[in-house]
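Structure at a glance
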Amino acid sequence: MKKGLLKIIKFPTIFVLVIWIVKILEYYFDLNLYKFGVFPREIMGLRGILFTPFIHNDFTHLLNNSIPILVLGSLFVFFYRNLSFEIFMWLFVVSGILLWGI
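What comes next concerns the included structure. (Residues numbered from 1 in each chain as written. Predicted model: local features only at pLDDT ≥ 70, side-chain atom pairs only at ≥ 80, totals over all residues. Heavy atoms only, no water.)

Some remarks on the overall build of the protein
Tallying secondary structure elements over the protein gives 4 helices and 0 strands in all. In the protein, the succession of helices and strands from N to C terminus is α-α-α-α. The principal-axis extents of the C-alpha atoms in the protein amount to approximately 45 × 30 × 15 Å. Scored against the burial criterion, the 102 residues of the protein give a buried share of 23%. For the protein, contacts bridging at least 24 residues in sequence account for 70% of all contacts bridging at least 6. As displayed, the protein offers around 7,800 Å² of accessible surface, 75% of which is attributable to carbon and sulfur atoms. (Helix = DSSP H or I, 4+ residues; strand = E, 2+ residues; numbered from the N terminus. Buried < 20%, exposed > 50% of the residue type's maximum accessible area, 1.4 Å probe, protein only. Contact = heavy atoms within 4.5 Å. Areas by Shrake-Rupley, 256 points an atom, 1.4 Å probe, with all protein chains shown as cover.)

Structure follows, in structure tokens:
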């Protein structure tokens, strides 16, 4: 039971840890990662497709995103274990492209 649960929450937890580390480093070193976000229909805004999921306005924004990622991400892995990583990557890229195009 424990091993199964750990497998289910592993990927969402790692993803959330990475976005928290990025935000803590941004705060600690007084960085502004806003420039790496998606800027619709601007060539420089294309890089944001890869970076936007890791950029958050503040810790409240990050916390409000972390909980759904952990809960829904774990459910996603539970129900679609074999396809979850591939689908996540597609959603990651396609949502960024759609945001850039809007």
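Quick look at helix H1 (residues 2-28)
Maximal helix bending in H1 amounts to about 40°, located at Lys-10; proline Pro-12 follows within four positions. Looking one or two places after H1, you find Asp-30, whose phi comes out positive at around 50°. (Bend = angle between axes of the 7 residues up to and from the residue.)

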